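The chain contents come next:
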Amino acid sequence: MSIVAIVGRPNVGKSTLFNRMIQRREAITDSVSGVTRDRHYGRSDWNGKEFSLIDTGGYVIGSDDVFETEIDQQVELAIDEADAILFMVNAEEGITPMDEDVAQLLRKVTKPVFLVVNKVDNNKREQDAYEFYNLGLGEYFSISSMNGSGTGDLLDEVVKVLPDTVEEKKDDLPRFAVVGRPNAGKSSFINALIGEDRYIVTDIAGTTRDSIDTKYNRFGFEFNLVDTAGIRRKKKVREDLEFYSVMRSVRAIEHCDVCILMLDATRGFDGQVQNIFWLAERNRKGIVVLVNKWDLVDKETNTAKEFEAKIRREMEPFTDVPIVFISVLNKQRIHKAIETAVAVYKNRSKKIKTSQLNETLLPLIENYPPPSLKGKFVKIKFITQLPTPQPQFAFFCNLPQYVRDAYKRYLENQLREHFDFHGVPISVYMRKK
Ligand code: GDP
Ligand code: GDP
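Each value, and the rule that gives it
- Residues numbered from 1 in each chain as written.
- Chains lettered and ligands numbered in written order.
- Predicted model: local features only at pLDDT ≥ 70, side-chain atom pairs only at ≥ 80, totals over all residues.
- UniProt positions renumbered as here; feature names shortened; annotations may be inferred.
- Domains from an automatic or database assignment.
- Contact = placed C-beta atoms within 7 Å.
- Helix = DSSP H or I, 4+ residues; strand = E, 2+ residues; numbered from the N terminus.
- Nonpolar A, V, L, I, M, F, W, Y, C, P; charged D, E, K, R; others polar.
- Pairing = 2+ DSSP bridges.
- Axes fitted to C-alpha atoms, helices over the stretch in contact; angles between N-to-C directions.
- Near = placed C-beta within 6 Å.
- Buried ≥ 20, exposed ≤ 12 C-beta atoms within 10 Å, placed from the backbone.
- Arc of directions from axis to C-beta.
- Core = buried A, V, L, I, M, F, W, Y, C linked by C-beta atoms within 7 Å.
- Right-handed = clockwise from strand over helix to strand, strands pointing away.

- The name that an unreviewed UniProt entry assigns to the chain is GTPase Der, with the source organism given as Nonlabens dokdonensis.
- UniProt lists a comment for the chain under the heading Function (unreviewed entry), and it reads "GTPase that plays an essential role in the late steps of ribosome biogenesis."
- In its Subunit (unreviewed entry) section, UniProt records this for the chain: "Associates with the 50S ribosomal subunit."

Here we look at the domain arrangement of the chain
One widely used convention gives an interface's size as the accessible area the parts lose upon coming together.
Then, in step 1: One can read the domain layout of the chain as domain 1 (2–161), domain 2 (175–349) and domain 3 (354–432).
Then, in step 2: Listed by partner, the interface residues are 13 residues for domain 2 and 10 residues for domain 3.
Then, in step 3: Of all the secondary-structure elements, those providing two or more residues to the side of domain 2 that touches domain 3 are strand 11 (286–292) and helix 11 (334–349).
Then, in step 4: When its residues are assigned to classes, the side of domain 2 that touches domain 3 shows seven nonpolar, two polar and four charged.

Observations regarding the sheet that holds strand 14 (residues 392–397)
Then, in step 1: Spatially, the three strands line up as an open sheet ordered 13-14-15, and their pairing is mixed. A strand with exactly one partner marks an edge of an open sheet, and here the two such strands are strand 13 (380–385) and strand 15 (427–432). Neighbour-to-neighbour, the strand axes of the sheet open up by a mean angle of 25 degrees, direction not taken into account.
Then, in step 2: Two elements, strand 13 and strand 14, share five bridges in a ladder whose sense is antiparallel. By the bridge assignment for strand 14, Phe382 is matched with Phe396.

As for the site of ligand 1
Then, in step 1: Inspection of the region around ligand 1 gives 16 residues, with Gly13, Lys14, Ser15, Thr16 and Met146 positioned closest.
Then, in step 2: Among the elements that make up the shell around ligand 1, the one with the highest residue count is helix 1 (residues 14–29) (three residues).
Then, in step 3: Here the residues of the shell around ligand 1 sort into three nonpolar, 10 polar and three charged.

A word on the site of ligand 2
Then, in step 1: Near ligand 2 lie 15 residues; those nearest to it are Gly185, Lys186, Ser187, Ser188 and Leu329.
Then, in step 2: Take the shell around ligand 2: its biggest share by element is three residues, from helix 6 (residues 186–194).
Then, in step 3: Across the shell around ligand 2, the residue classes tally to five nonpolar, seven polar and three charged.

Focus: helix 3 (residues 97–107)
Because the α-helix completes a turn every 3.6 residues, residues three or four places apart line up on one side.
Then, in step 1: For helix 3, the full list of buried residues reads Asp99, Val102, Ala103 and Leu106. Seen along its axis, helix 3 keeps its buried residues to an arc of 105 degrees; they face one direction. Facing away from the buried side of helix 3, by more than 90 degrees, are the exposed residues Pro97 and Glu100.

Details of the sheet that holds strand 4 (residues 84–90)
Then, in step 1: A sheet is described by the order of its strands in space; here six strands give the open sequence 2-3-1-4-5-6, paired in mixed fashion. With one partner strand each, in any of the chains shown, strand 2 (41–46) and strand 6 (140–142) form the two edges of the open sheet. Direction aside, neighbouring strands of the sheet carry axes that sit 30 degrees apart on average.
Then, in step 2: The pairing of strand 2 with strand 3 (residues 49–55) spans six bridges and is antiparallel. Within strand 3, the residue paired with Tyr41 across the bridge is Ile54.

Considering unusual backbone geometry
Then, in step 1: Between Glu316 and the following residue, Pro317, the backbone shows a cis peptide bond with an omega angle of 5 degrees.
Then, in step 2: Following the sequence through the fold, Pro317 ends up in the loop between helix 10 (303–315) and strand 12 (323–325).
Then, in step 3: Of note, Arg333 is a non-glycine position whose phi angle comes to about 60 degrees, a positive value.
Then, in step 4: Following the sequence through the fold, Arg333 ends up in the loop between strand 12 and helix 11.
Then, in step 5: Here Asp420, not a glycine, exhibits a phi torsion of approximately 55 degrees, which is positive.

Structural notes on helix 5 (residues 151–161)
Then, in step 1: When we look at burial in helix 5, the residues that qualify are Thr151, Leu155 and Val158. Each buried residue of helix 5 sits inside an arc of 60 degrees when the element is viewed along its axis, so together they form one side. More than 90 degrees from the buried face of helix 5, the exposed residues found are Gly152, Asp153, Asp156 and Lys160.

Some points on the nonpolar core
What tends to happen in soluble globular proteins is that the nonpolar side chains get buried as a cluster.
Then, in step 1: One finds Ile85, Phe87, Ile260, Leu261 and Val288 to be the most contacted residues of the largest nonpolar core, which totals 113 residues.
Then, in step 2: Ranked by the residues each element gives to this core, the list is headed by helix 11, at seven residues.

Looking at the environment of Ser427
Then, in step 1: Among the secondary structure elements, Ser427 is positioned in strand 15.
Then, in step 2: Given 20 C-beta atoms within 10 Å, Ser427 falls into the buried group.

Comments concerning the pairing of strand 3
Then, in step 1: Of all seven residues in strand 3, five are buried; the element is thus mostly enclosed.
Then, in step 2: Sheet analysis places strand 1 (residues 2–7) next to strand 3, joined by five bridges and oriented parallel. Across the sheet, Val4 pairs through a bridge with Leu53, a residue of strand 3.

Looking at the pairing of strand 11
Then, in step 1: When you tally the buried positions in strand 11, you get seven out of seven residues, the bulk of the element.
Then, in step 2: Of the two faces of strand 11, the one carrying Gly286, Val288, Leu290 and Asn292 and the one carrying Ile287, Val289 and Val291 are both buried.
Then, in step 3: Bridge count for strand 10 (residues 258–264) against strand 11 is seven bridges, and the pairing is parallel. Directly across from Cys259, in strand 11, lies its bridge partner Ile287.
Then, in step 4: Crossover strand 10 to strand 11 through helix 9 (residues 271–282) is right-handed.
Then, in step 5: Bridge analysis of strand 11 against strand 12 gives three bridges, and the strand direction is parallel. Paired with Val291 across the two strands is Phe325, which belongs to strand 12.
Then, in step 6: Considered for its hand, the β-α-β crossover made up of strand 11, helix 10 and strand 12 is right-handed.

Laid out in structure tokens, this is it:
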């Protein structure tokens, strides 16, 4: 999947454009139960080409007093990780020093950069936009994120430069991606997994776009570790940037089956970790949470239990996720961690027979039918699992539009209770029959 990043200083209209671009799909995904939105990461498609879209500005806290260096860092990350960059400026305000600064970074880039002059709501602004030639980035696209004018022409050009990605899968082994904040212990974990210091930090030219699957056979399990050049490369960036790990994880997560989300026990399930968690959930990937550095925590009887409960509260509504406490340093429960990831992989590829689904669920539905809405009664007739890589279930009924999210969650919970989808986001659709 290609990544398109929107960069630019605050208030130029990045999130307005972002929302416009993902709107159509959001409407679709929202009808699925249990989907939580990340307001800064989404899928979009145009002319049949699908891509991930990231609003880099969305990850800045307190957007009114962003430091110039912070914008620079974001732009650099976007340059590293994205396939195309939309650099947005504001026709209302003209060129600012911060714009010049960003332009300077972008002029050196070989990746496609689109200069997007926003807030061109009328003809007068169209003329004001000329001044942006002075940024030295060539042609620009004038748009109005607000009313949508010009955005079609922009997208036509953007999707032209995106590579055609064909998702190839070489074998049926689980593909794991180890993700998390910097310093959580990911490299140490991977080293422990592969048994030697083979996790070399190198910058391999030409591999930026490709994810690299490496096959391992450890502890009696065979699996592929998904790595991306983006993750390998260790650059001096401000790692406390809110969106650092998200940006770094997007590609790996999109390529994996199971996301091994590692966190540092001394830092907890903080904002950055949550962002990655939602990213994995939105991509409908299996998830295992590893709480690493458990050796550093003073433990009393209920410490692990309380720690776990706290994480689960943050995960709501998707809480059916394994949490394993490990210490890579002491080689504690590393085997358990992999075993759990393999189990999640199996849950994700599980196919439940239609007969089994119906025998189990229809009586439950009979006992607790969807509440009537506006005097209408919904009758669910049969259930089937869709032939998708991740678990999706279609409930055929007379009035799909009358089934509320709360009831879909009930159905999801029943599926979880009876068929074990621990660690796996599942989708419940109501279909007309
Ligand atoms: P961001 O900080 O770059 O994400 O900017 P926002 O998307 O939050 O937009 C900042 C402000 O500009 C908001 O008040 C938007 O309503 C407004 N805005 C965004 N796009 C346009 C546009 O095309 N025309 C006009 N007039 N205002 C816009
Ligand atoms: P990464 O940035 O996520 O790849 O993290 P690293 O693997 O480079 O680890 C960051 C630091 O945490 C290193 O100094 C590790 O030695 C340390 N570390 C990793 N795992 C553990 C652990 O289980 N316990 C303790 N105490 N330290 C750890």
